[in-house]
Amino acid sequence: MSAATATKTPTLSGVRVAHDMLVDGLTSFTKIADAVPESDIVRWRSGHRHVFAIKHPDYIEHVLRKHADRYMKSVEYQLVSTVLGRSLFTDDGESWRRHRMMLNPLLGRRHLNAVVDLMIDPIDDYVSRLEAQGDRFEVEMVADMTELTLDVVGTALFGHSFGELARRIGPAVTTGLRLGEFAARLTLITAPPSWSVKALGAAIHHAPLLPPPLDRAQATMKTIDDAIWEVIHDREEQPPHDDDLLGMLLRARDEDGTLTPRRVRDEATTFMVAGHETTANGMAWMWYLLSLNSDARDRMYAEVDEVLDGRRPTAEDIPALEWTSACLQEAMRFFSPIWVIPRTAIADDEIDGHRIPSGSTLTVPVYSVHHDERWWEDPERFDPSRFTGDQARDRHRFAYLPFGAGQRVCIGMSFALMEGALIAAMMAQRFRFDVVPGHPVQPEATLTLRPRAGVRMVARRRERVKTAAAA
Ligand code: HEM
């Protein structure tokens, strides 16, 4: 289509969008995406940049799969690379492709079965700590899930030596995430040129003296970096036989050779950072939504009791925990931990007649897509059965995006779903969780979508549901 016949894209006020985003990322972003009900694409200006929000699954498929070569990860990812270095998450082009091929098998189901036992140990410890608190007590679910998922991914990565590492880097990882959030929000609103983002990243790495809060960012990164390098160097001196993910990263190879030590460090840090807060928020939302939907929760108890019959789970039990897994998937539809997926156009493009100039930022408003009644019947209802049996078959594949989609789909998806099913089953085996009456639960969009004031819950010990097999 020529410029003369291009479809006119509805345009919003850039000042208004920036103001709304400062006040509340998610609400404003959802408002933006839904601002013109008859259009699945809107645009606005942010500084020198054109920004688009696209919400039709066909448009999303165009950007993330069919014409993914016309787009790359956006400038926000350059900030992330300050902490994560050059890893799958931040890399692009041929280098990304090569490393993705090398690492895909590591996080595939077959290899993961080997680390399930490593994943279960920290969950077992956590449930024992809960049991030690008695029959009725209060927990703050976001904090608990954040600590637990860091422990699970850390142990899967570094084996049992992670306990010691976690004590050293746990607070730094949390500080790093909070600083990252602040920086990402600022970048989205002020749209700085990409050279300035790169320069800032280099300064944080190398400058000897920095003003606050950059000095804090530098100290935080150094703590994480030193600790992870120490573990990698220790491992390099030992024969590479470990069954944890670090052992697999050190052994990974293709026809061009193995990963460089720097790349092993960057991928391991990425797995740890990308893999814990997302899962933690998904789990916290799931416990919250289940406490409001007791039928779904009762069905989870019945399934857990029948499948596990009171014992510790194994990798073989996971496929049988279908309803439990569906509860997590539905929670991530309702409140997707990743609420926006941004890309930068590296060539002029056209989506359904709408012109996209090279250099534009495209954003996918995940919350709006997940609550669009064209793809989800009665979208405000929590209904895990959307993810059981054949239900997903008739759905547009690009209408469900908690893990992204297309070639950059989350490599940790199977890991997260396995981990989520194990945590849910092992906690539900022993406890019932209800929101503390009157505690306000509202989504807040930071790097991830999480409950603004956490989720305070009352935990109560529960009896096993008597099943036909147990009776
Ligand atoms: C519920 C938990 C998780 C959620 C919601 C989630 C979400 C996502 C999303 C939306 C993307 C795509 C971003 C984009 O296209 O711009 C992504 C990519 C990625 N995730 Fe996850 N993730 C989760 C767990 C994990 C875990 C457990 C790991 C590692 C162990 C992990 C590692 C990665 C990596 C390395 C990428 C980049 C993949 C690539 O570009 O090739 N994630 N994740």
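Okay, so let's go over this structure. (Residues numbered from 1 in each chain as written. Predicted model: local features only at pLDDT ≥ 70, side-chain atom pairs only at ≥ 80, totals over all residues.)

**Description of the overall build of the protein**
- The helix and strand tally for the protein stands at 17 helices and 14 strands.
- At 22 Å, the protein has a C-alpha radius of gyration in line with the 23 Å of a compact globule built from 471 residues.
- For the protein, the C-alpha atoms occupy an extent of roughly 75 × 55 × 45 Å along the three principal directions.
- For the protein, the residues scored as buried account for 43% of the 471 residues in total.
- Contacts in the protein between residues at least 24 apart in sequence constitute 77% of all its contacts with a sequence separation of at least 6. (Helix = DSSP H or I, 4+ residues; strand = E, 2+ residues; numbered from the N terminus. Rg over C-alpha atoms; globule rule 2.2 N^0.38 Å. Buried ≥ 20, exposed ≤ 12 C-beta atoms within 10 Å, placed from the backbone. Contact = placed C-beta atoms within 7 Å.)

**Re the packing of helix α6 (residues 109-131) against helix α17 (residues 413-430)**
- The geometry of α6 relative to α17 is characterised by a closest axis approach of 9 Å and an angle of 30° between their N-to-C directions. In terms of orientation, α6 and α17 fall into the roughly parallel class. In this structure, α6 meets α17 at a crossing whose hand is right-handed. Residues Arg-109, Leu-112, Val-116, Met-119, Ile-120, Ile-123, Asp-124, Val-127 and Glu-131 of α6 pack against Ser-414, Phe-415, Met-418, Glu-419, Leu-422, Ile-423, Met-426, Met-427 and Arg-430 of α17.
- Residue composition of the contact of α6 with α17, by class: 12 nonpolar, 1 polar and 5 charged. (Axes fitted to C-alpha atoms, helices over the stretch in contact; angles between N-to-C directions. Parallel < 35°, antiparallel > 145°, perpendicular 65-115°, else oblique. Left-handed = near helix turned anticlockwise from the far one by under 90°. Nonpolar A, V, L, I, M, F, W, Y, C, P; charged D, E, K, R; others polar.)

**Here we look at helix α7 (residues 141-158)**
- Its 18 residues give α7 an end-to-end C-alpha distance of 25 Å, which sits within 8% of 26 Å, the value for a rise of 1.5 Å per residue.
- By the criterion of burial, α7 is predominantly enclosed, with 16 of the 18 residues buried.
- Directly beyond the C-terminal end of α7, a positive phi value near 75° is found at Gly-159. (Expected span 1.5 Å × (residues − 1).)

**Structural notes on the nonpolar core**
- Ranked by size, the top nonpolar core spans 122 residues in total, and within it Ile-54, Ala-284, Met-286, Trp-287 and Cys-327 carry the most contacts.
- The element best represented in this core is α17, accounting for 11 residues.
- Among all residues touching Ala-284, those that are not within four sequence positions of it are Met-141, Val-142, Met-145, Pro-451 and Val-455. (Core = buried A, V, L, I, M, F, W, Y, C linked by C-beta atoms within 7 Å.)

**Here's the deal with α17**
- For α17, spanning 18 residues, the distance from its first C-alpha to its last is 26 Å, which sits close to the expected 26 Å at 1.5 Å a residue.
- A large share of α17 lies buried, amounting to 14 of its 18 residues.

**Examining the pairing of strand β2 (residues 49-54)**
- With respect to burial, β2 is a largely interior element, 5 of its 6 residues being buried.
- Sheet topology note: the strand β1 (residues 41-46)/β2 ladder contains 6 bridges and is antiparallel. Paired with Val-42 across the two strands is Ala-53, which belongs to β2.
- Hairpin connection between β1 and β2: a loop of 2 residues separates the two successive antiparallel strands, and Gly-47 in this loop has a positive phi of roughly 60°.
- As paired strands, β2 and strand β10 (residues 361-365) are joined by 3 bridges and run parallel to one another. From the neighbouring strand, Val-51 faces β10, where its bridge partner is Thr-361. (Pairing = 2+ DSSP bridges.)

**Section: the site of the ligand**
- The immediate surroundings of the ligand are formed by 23 residues, with Gly-275, Thr-278, Gly-404, Cys-410 and Gly-412 found nearest.
- Of all the secondary structure elements, the ones that give two or more residues to the shell around the ligand are α12 (261-274), α13 (277-292) and α17.
- Of the residues that constitute the shell around the ligand, the class distribution is 14 nonpolar, 7 polar and 2 charged. (Near = placed C-beta within 6 Å.)

**Comments concerning the sheet that holds strand β7 (residues 340-345)**
- Strand order across the open sheet formed by 5 strands is β1-β2-β10-β7-β3, with mixed pairing between neighbours. Each edge of the open sheet is held by one strand with a lone partner, namely β1 and β3 (71-73). Each adjacent strand pair in this sheet contributes to an overall mean axis angle of 30°, direction not counted.
- Summarising the sheet, β3 and β7 pair through 3 bridges and their orientation is antiparallel. Its bridge partner lying in β7, Tyr-71 is registered against Ala-345.

**Topic: the packing of helix α14 (residues 294-308) against helix α15 (residues 322-334)**
- Where α14 contacts α15, the axes come no closer than 8 Å and their chain directions differ by 145°. Our pair here, α14 against α15, has a crossing hand that is left-handed. Two secondary-structure elements touch here, α14 through Ala-296, Arg-299, Met-300, Glu-303 and Val-304 and α15 through Trp-323, Thr-324 and Cys-327.
- In terms of residue class, the contact of α14 with α15 is made up of 5 nonpolar, 1 polar and 2 charged.

**Some points on the environment of Lys-222**
- Within the fold, Lys-222 resides in helix α10 (residues 214-237).
- Classification of Lys-222 as exposed rests on a count of 12 C-beta atoms within 10 Å.
- For the pair Lys-222 and Arg-265, spaced 43 residues apart in sequence, the C-alpha separation works out to 13 Å.

**Re the sheet that holds strand β14 (residues 456-461)**
- With antiparallel pairing, the 3 strands of this open sheet are ordered in space as β4-β14-β11. Bordering the open sheet on either side are β4 (136-140) and β11 (431-435), each of which pairs with just one other strand. Put simply, the sheet's adjacent strands are angled 30° from each other on average, direction ignored.
- Two elements, β4 and β14, share 5 bridges in a ladder whose sense is antiparallel. Considered in β14, the bridge of Val-139 is made with Met-457.

**Examining unusual backbone geometry**
- The residue Asp-352 is not glycine, and still its phi comes out positive at about 50°.
- By the element assignment, Asp-352 lies in the loop between β8 (349-351) and β9 (354-356).
- Residue Asp-352 is classed as partly exposed on the basis of its C-beta count, with 13 C-beta atoms lying within 10 Å.
- A positive phi angle, close to 50°, is found at Asp-378, a residue other than glycine.

**Some points on the environment of Asp-309**
- Locating Asp-309 in the fold gives a position in the loop between α14 and α15.
- Separated by 154 residues in sequence, Asp-309 and Glu-463 place their C-alpha atoms 12 Å apart.

**Regarding the environment of Val-264**
- Residue position: Val-264 is located in helix α12.
- Placed 199 residues apart in sequence, Val-264 and Arg-65 show a C-alpha to C-alpha distance of 28 Å.
- In this structure Val-264 touches Ile-232, Leu-249, Leu-250 and Leu-259, once residues within four positions along its chain are discounted.

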